[in-house]
Amino acid sequence: MSKARAEKIKLLLLDVDGVMTDGKIFLMPAASGEVFEAKGFHAHDGTGLSLARLGGIQVGLITKRVSESVRLRARDLKIKHVYQGAADKMIAFQEILAAEKLAPEEAAFVGDDIIDLPVMRACGLAFAVADARDDVKDEAHVVTERCGGQGAVRDAVEYILSAQGSLTRCVQAYLSDHTPIEYKKQ
């Protein structure tokens, strides 16, 4: 049943803390009295989002926190929809669906905690990361093999692309785009 749901997906939405990261938030004081927030993102997830783009899947972030680290990572990964400070993630979900002219069943969401449940319940394919809260895993259609911040996003992307029959093509396109020109000539 989850594979049939994955076949319809055109939009992948992600929570950030606990999904794109391991959930740790580093707050570092500066001499000026300001506080800087740092997060760690896994390279495998970045590759996964590139694969999603090659597969024609739009990507977006919906997170309650506001962080410059998230803005920078989203820019680096060319993520189109970035909603920070979203205390009610359903509002962001509905706005993104409207902007993309998509139905809820054409969207997937990856979450880890109870704030993610409303969107997980409304979307077509709900993922929970392996280390999500138990009540979140109980409501997910799919639980990723890997934990948040450790490649869980890549698991979700590969699940969707595999169900759509495009994973191999997307990997080949990714490799072609990342093969140095001198090797392509040989």
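See the structure above.
Just so you know, these numbers come straight off a predicted model, no measurement behind them.

A. Looking closely at the overall build of the protein chain. Per the secondary structure count, the protein chain includes nine helices and eight strands. A globule of 186 residues ought to have a C-alpha radius of gyration of about 16 Å, and the protein chain, at 17 Å, matches this closely. For the protein chain, the C-alpha atoms occupy an extent of roughly 55 × 45 × 30 Å along the three principal directions. Put simply, the protein chain has 186 residues, and 46% of those count as buried. Here the analysis covers contacts within the protein chain between residues at least 6 apart in sequence; of these, 56% occur between residues at least 24 apart. Of the roughly 9,500 Å² that the protein chain leaves accessible, carbon and sulfur atoms contribute 52%. Charge separation in the protein chain, taken as the distance between the mean sites of 24 positive and 27 negative side-chain charges, equals 6 Å.

B. Inspection of the packing of helix H2 (residues 43–54) against helix H7 (residues 152–163) at higher detail. H7 packs onto H2 with a crossing angle of 25° between their chain directions and a minimal axis gap of 7 Å. As summarised for this structure, H2 and H7 are arranged roughly parallel, according to the angle between their axes. In the crossing of H2 with H7, the sense of the turn from one axis to the other is left-handed. Seen from H2, the contacting residues are His44, Asp45, Thr47, Gly48, Leu49, Leu51 and Ala52; seen from H7, they are Ala152, Val153, Arg154, Val157 and Leu161. Classifying every residue of the contact of H2 with H7 gives seven nonpolar, three polar and two charged.

C. Expanded view of the packing of H2 against helix H8 (residues 167–177). Two elements in contact, H2 and H8, have axes whose closest approach is 9 Å; the angle formed by their N-to-C orientations is 110°. Relative to H8, the element H2 lies roughly perpendicular. Crossing geometry of H2 relative to H8 is assigned as right-handed. Here H2 contributes Thr47, Ser50, Leu51 and Leu54 to the contact with H8, which in turn contributes Arg169, Cys170, Val171, Ala173, Tyr174 and Asp177.

D. Here's a closer look at the pairing of strand E7 (residues 125–128). Neither face of E7 is exposed, since Leu125 and Phe127 on one face and Ala126 and Ala128 on the opposite face are all buried. Here four bridges tie strand E6 (residues 107–111) to E7, and the two strands are oriented parallel to one another. Across the sheet, residue Ala108 finds its bridge partner in E7, namely Leu125. The handedness of the E6 to E7 crossover, carried by helix H5 (residues 117–122), is right-handed. Direction of pairing for E7 relative to strand E8 (residues 142–143): parallel, over a ladder of two bridges. The residue bridging Phe127 from the neighbouring strand is Val142, located in E8. Taking the sense of rotation as the criterion, the β-α-β connection linking E7, helix H6 (residues 134–139) and E8 turns out right-handed.

Procedures and definitions
Residues numbered from 1 in each chain as written. Predicted model: local features only at pLDDT ≥ 70, side-chain atom pairs only at ≥ 80, totals over all residues. Heavy atoms only, no water. Helix = DSSP H or I, 4+ residues; strand = E, 2+ residues; numbered from the N terminus. Rg over C-alpha atoms; globule rule 2.2 N^0.38 Å. Buried < 20%, exposed > 50% of the residue type's maximum accessible area, 1.4 Å probe, protein only. Contact = heavy atoms within 4.5 Å. Areas by Shrake-Rupley, 256 points an atom, 1.4 Å probe, with all protein chains shown as cover. Lys, Arg positive; Asp, Glu negative; His and termini not counted. Charge placed at Lys NZ, Arg CZ, Asp CG, Glu CD. Axes fitted to C-alpha atoms, helices over the stretch in contact; angles between N-to-C directions. Parallel < 35°, antiparallel > 145°, perpendicular 65-115°, else oblique. Left-handed = near helix turned anticlockwise from the far one by under 90°. Nonpolar A, V, L, I, M, F, W, Y, C, P; charged D, E, K, R; others polar. Pairing = 2+ DSSP bridges. Right-handed = clockwise from strand over helix to strand, strands pointing away.

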